[in-house]
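# Commentary on secondary and tertiary structure
Letter by letter, the chains look like this.
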Amino acid sequence: MTRGAHGNDPLRPYDSGTMGWTRREATHLLWRTQFGASKADIDNALAAGLERAVERLVTSQPESQSFQRSDHLLRQVAEDTGNILDLKAWWINRMLHSANPLVERMSLFWHSHFATSDVKVRSVRHMAAQNDLIRGEALGSFSALLSGMARDVAMLIWLDGNANRKRHANENFAREVMELFALDVGHYSERDISEAARAFTGWHVRNDRFWFNRRQHDFGQKTVLGRTGDLDGEDVIALCLAQPACPRFLARKLLHAFVTIVPREEDVGALASSIRRHDFHMAPVLRQLLLSQLFFSPSARHALIKSPTDFVLGAYRSTKSSENLRQTARVLARLGQDLFAPPTVKGWEGGRLWISSSSLLQRTNFVADLVADHVVPINSEPKRPERLVQYYIDLLLSGRADETASDRLVQYVEEGARKPGARTRGLLHLIMTMPEYQLM
Amino acid sequence: MCHHLRNPRTLGHLLLLCALIPLIQGQGARGGTLAESLPAGALVYGEVSDLGKVLGPLQKSSFLSSLLTLPAYQDLQATGPYRKVDAVRRLLEIHLGYDLWTAAEKFMGGDLAVALYPRPNADQPDFLVVLRVPDAEDLAHLRDRIDPILTLLDQQITVTDHGDGMERMELGEGLVLAIGSDRLIVSNCHDRINDMVTMGVGAKSASLAQDESFMRMEEALGTDHLARLYLNTELLKSAGDGRLGLPEKMDNPLGSLLLGGILEQVARSPYGGLTLDMDGEGFQLTAGVTADAQALGAGYACYFSHLADTAARTPLRPDRTIGGISLFRNVTDWYGQREALLQAQLLPGFDKFESGLANLLPGRDFEQDILPTLGPRFSFVAALQDYSHLDGTPGVQLPGFALVVELARPKEGAELLQLFFQTFSAVLNIEAGKQGRQPWILDLQTHRGVKITSARYLQKPSGTRLPMVFNFMPAAARVGDQFVISSSVGLCRDLIDYLQGATDAEPRGTNLALELDFAAVADSLDLNRDFFLARRIQEGRTPDQAQQDVDLVLQVLRYVETLSLTTRGTDQTLQASLKGTWQ
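Right, let's talk about the pairing of strand β4 (residues 126–132) of chain B for a bit. Residues and elements named next belong to chain B. Buried residues dominate β4, accounting for 5 of its 7 residues. Of the pairings in the sheet, the one linking strand β3 (residues 111–117) to β4 comprises 7 bridges and is antiparallel in character. The residue of β4 that forms the bridge with A115 is L128. Bridge analysis of β4 against strand β8 (residues 183–187) gives 5 bridges, and the strand direction is antiparallel. Bridging from a neighbouring strand, R132 pairs with R183 of β8.

Structure below.
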């Protein structure tokens, strides 16, 4: 489509032919859609072109045999030991090595959205099953995902499903469906919540499975979001999805995750329309967003603060370091993103909250450990100081470093350690602790 | 007489050397140990004899050849450091005229000794390294082969002849190499070599073998070993702060229970000795000191079975045993003497422990009421499980564990332990409920006339990869004057079978006996292969690399058969012996 056909639509396609498809655009796309980008990732995306690169992200790619084997073993050992740290390791391995990184990224997005914590659930198998449910619909249907969540065992334990009985309706799940999962504050009343809670009564867990407890379900008349009848949980979910607030709520969160921490209302509206048009199917919505002018606009570049997973896994991927998965899970927890244990029912709010004096120090310590113990210098890296610095500025900062910083780095390389390994480690340490590296 | 090597050796020089050879060979000749030809007063002395007989079979062993085919070894061969070492090896082999295995067999077929001597007013000791070869011609051959090197390095190496039959080469930085007809000596001190040589020509200086503490070590540990190590602890103490760096009291209660009394005996012994023997079937490593347990004081009697004229029992071997450890420890005395045996900062922990225990055994005093019901012999055993308590197996198959306590007052002790077991199970049940797991019910069954109290689930767990928690279904039983607490009812039954049969006792004075069956260890690892593969992948290995790692460990484990450790005391000595057998 031409620009003229879309007018000022923020989701109009980015014209890579005119506006450019360089390493910077490729790096921007990959950092937002996977966890960091290696030089090879960037080269491949560049060679493929924008459309094919995005298509590869939003469609299912075959996994390698090696990945399938490690994935199977890591998942199996997590379920065998019942240790949540092993499940974290399994997921980190997927984030790092899956051929479908956007699925993992969206799984993390939905994990934060539906924020269920093992601290209360205390079952690796239930947390893993919820993660499977999320992954299955990560790029699929939000309505199917929301419906599945209402019956998910971990969610029912997390939000006290078994306490939701016809004579004593527990509002926890109904409240979160409206406030945190589908509508946001201001788009429902307290009465909607209490009535919706009645609709979910009897949605219980028995023998580790979802169980519709008819004896505890309230089959009476309820009025939710303006509709009256013998409503059950599915009806409430359908009513929520039908509200105009629902796609706007999701659109705002998607823009917050993929574009900017301060989305404009017109951008929210445009993406909400796309969500509604695609009937809450995420793959076409994300395809449109990732190919849009909005996604590549100057205000969207380097506009997000890296989450701990972006920061840590991105560092691994960029430097091709070998990683200890369980240790990585502990590092993420220290940095404020403990997988399978979001801090509140709101999940990780992210944005500026990722950075504090304490977490910044933790990030610096992580980089110090990484470059000291794990980084393997790349054989093909340039030898001349200017080129070496530019190589890593391009790789790690998407080329974004002012002249002064660049000169100081060159000076460091020229005056620093003579051994190439020590020189590269020192340089990486400096770049990865720059303020610019905290952004993507 | 000093000269550079470039100067031709005179016939007279050679004749003199020939004349002195018998004198040099006279002291410490074949059949005697090198300690007889080394000066007295060594701080440390180590000796290896006839290592060649071990190296030969090792070179031909299937174990070594299979190690060399491992992918990990292939990877190692591609590394820079390996290539450098290999290049040096090839250079040496070309120069020597035979490969390093042959060289090792030729030169290590005799004796090699290293001794350290105190050097007054210096931090570093003097050292003497002596190599005695079985065939003097081999040394002569080596001497000929290094001649060109010495010629090339004539500015750096000075050769002197003191007329004593030892050709000496100053290698720089005070290092001296002396070559006799059948031996080669390296030292950082001329005088030490002189002392050694003058011993050989009839001087009256004493040899190391005549040192009082050395003779006591030989008396206790014998002389005929593949290798041995001697420490003169009195000299080491006077060289240090007088305490060998050993703490006066233990800082770890478990360490104190397992190893208490040993360090204290080492600190008081005039020597420390270590011997190693090896053949095609296994090895034995023995460490020994002189010991007088009674001299340590009454507080230490709890560690030594010979004072009670008894011994730890032989490690238990029920079906599918992986390993076991048996201990003699008079825990009542140990607990009562804790202030004398342990560092003061640990003592509040005991008070806390007693307070916590009071909740499980209300109205009882741990020291006065509980411990005296226990006897001094304990056994701990680990065995592969049969999972008869499940319809299926857990995904991670842990061994079953059991503690067998000998009871001094069987009826009273068994009831107290039974009460403890039931209360503890109830506490675990509450915790299981909190975590949404199935709780246990306590069941009573009889096996060969013995009542077993065991935990079981209302519904028998079934499935092919059950959660790890299903490895545990604890059981307790009293078998005569012994009480069994086991992590699984199957192991409890096996132990009842075993304990009702004849069980062996270790020789008098045995304080600790440990046995490990490596085939069972390997079986356990193999059963959990996926678990270990996953662990390696979690550590950053690829699936293929993880597979290689696990295969290597399994291969090594399968090569070893058993490992056992015993510590044993008498009125004069305390010895620890580690034995291993292999295929």
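It is worth spelling out helix α24 (residues 403–415) of chain A at this point. Since one α-helical turn is 3.6 residues long, residues separated by three or four positions face the same way. All names here are of chain A. With 13 residues, α24 extends 18 Å from end C-alpha to end C-alpha; this agrees with the ideal 18 Å at 1.5 Å per step. Taken together, the buried positions of α24 are A405, S406, L409, V410 and V413. The arc that holds the buried residues of α24, viewed along the axis, is 135°, so those residues lie on one side. Across from the buried face of α24, at angles greater than 90 degrees, the exposed residues are E403, T404, R408 and E415. Where α24 begins, the capping side chain belongs to D402, and its oxygen is found 3.2 Å from the backbone nitrogen of T404.

Residue and element names in this part refer to chain B. Tracing the backbone shows N232 in strand β9 (residues 227–232). By relative accessible area, N232 is classed as buried at 8%. Separated by 3.3 Å, the side chain of N232 and the backbone nitrogen of E234 make a polar contact. Excluding residues within four positions of it along the chain, N232 makes contact with A42, L43, S213 and P270.

On the chain B side, the residues contacting the 18 residues of chain A number 21 residues. For the pair chain A and chain B, the two sides together bury roughly 1,700 Å², of which 51% comes from carbon and sulfur. Sorting the residues of chain A by area buried against chain B places R69, D80 and R122 of chain A first, and these three jointly supply 32% of that buried surface. In this structure, R69 of chain A and D544 of chain B form a salt bridge, with 3.7 Å as the shortest nitrogen-oxygen distance. Counting the contacts that link chain A with chain B gives 9 residue pairs in polar contact (both at pLDDT 80 or more).

Turning next to a negative patch on the surface. Residue and element names in this part refer to chain B. A grouping of D279, E281, D517 and E561 is seen on the molecular surface, where their side chains present a negatively charged patch. Its location among the elements puts E281 in the loop between β10 (271–279) and β11 (282–290). Of the residues examined, E281 reaches a relative accessible area of 60% and is grouped as exposed.

Next up on the list: helix α13 (residues 172–182) of chain A. Residues and elements named next belong to chain A. Counting buried positions over the 11 residues of α13 gives 9, a clear majority of the element. Buried within α13 are the following residues: F173, A174, E176, V177, M178, E179, L180, F181 and A182. One or two positions beyond α13, positive phi appears at D184, with a value near 85°.

Here the focus is a nonpolar patch on the surface. A cluster of nonpolar side chains, V88, L92 and L100 of chain B, forms an exposed patch at the surface whose accessible area comes to about 240 Å². Looking at the secondary structure, you find L100 of chain B in helix α6 (residues 100–107).

Within chain B, residue pLDDT values average 85, and 92% of them lie at 70 or more. Counting interchain partners and residues more than four positions distant, the pLDDT-below-50 stretch residues 1–30 of chain B has 51 contacts.

Calculation criteria
Residues numbered from 1 in each chain as written. Chains lettered and ligands numbered in written order. Predicted model: local features only at pLDDT ≥ 70, side-chain atom pairs only at ≥ 80, totals over all residues. Heavy atoms only, no water. Buried < 20%, exposed > 50% of the residue type's maximum accessible area, 1.4 Å probe, protein only. Helix = DSSP H or I, 4+ residues; strand = E, 2+ residues; numbered from the N terminus. Pairing = 2+ DSSP bridges. Expected span 1.5 Å × (residues − 1). Arc of directions from axis to C-beta. Polar contact = N/O pair within 3.5 Å; in protein donor to acceptor, adjacent residues only side chain to side chain. Contact = heavy atoms within 4.5 Å. Buried area = accessible area lost by both parts, 1.4 Å probe. Salt bridge = Lys/Arg side-chain N within 4 Å of Asp/Glu carboxyl O. Patch = residues over 30% accessible without salt bridge, like charges linked within 9 Å, V, L, I, M, F, W, Y side chains within 5 Å. Areas by Shrake-Rupley, 256 points an atom, 1.4 Å probe, with all protein chains shown as cover. Lys, Arg positive; Asp, Glu negative; His and termini not counted. Charge placed at Lys NZ, Arg CZ, Asp CG, Glu CD. pLDDT = per-residue confidence, 0-100.

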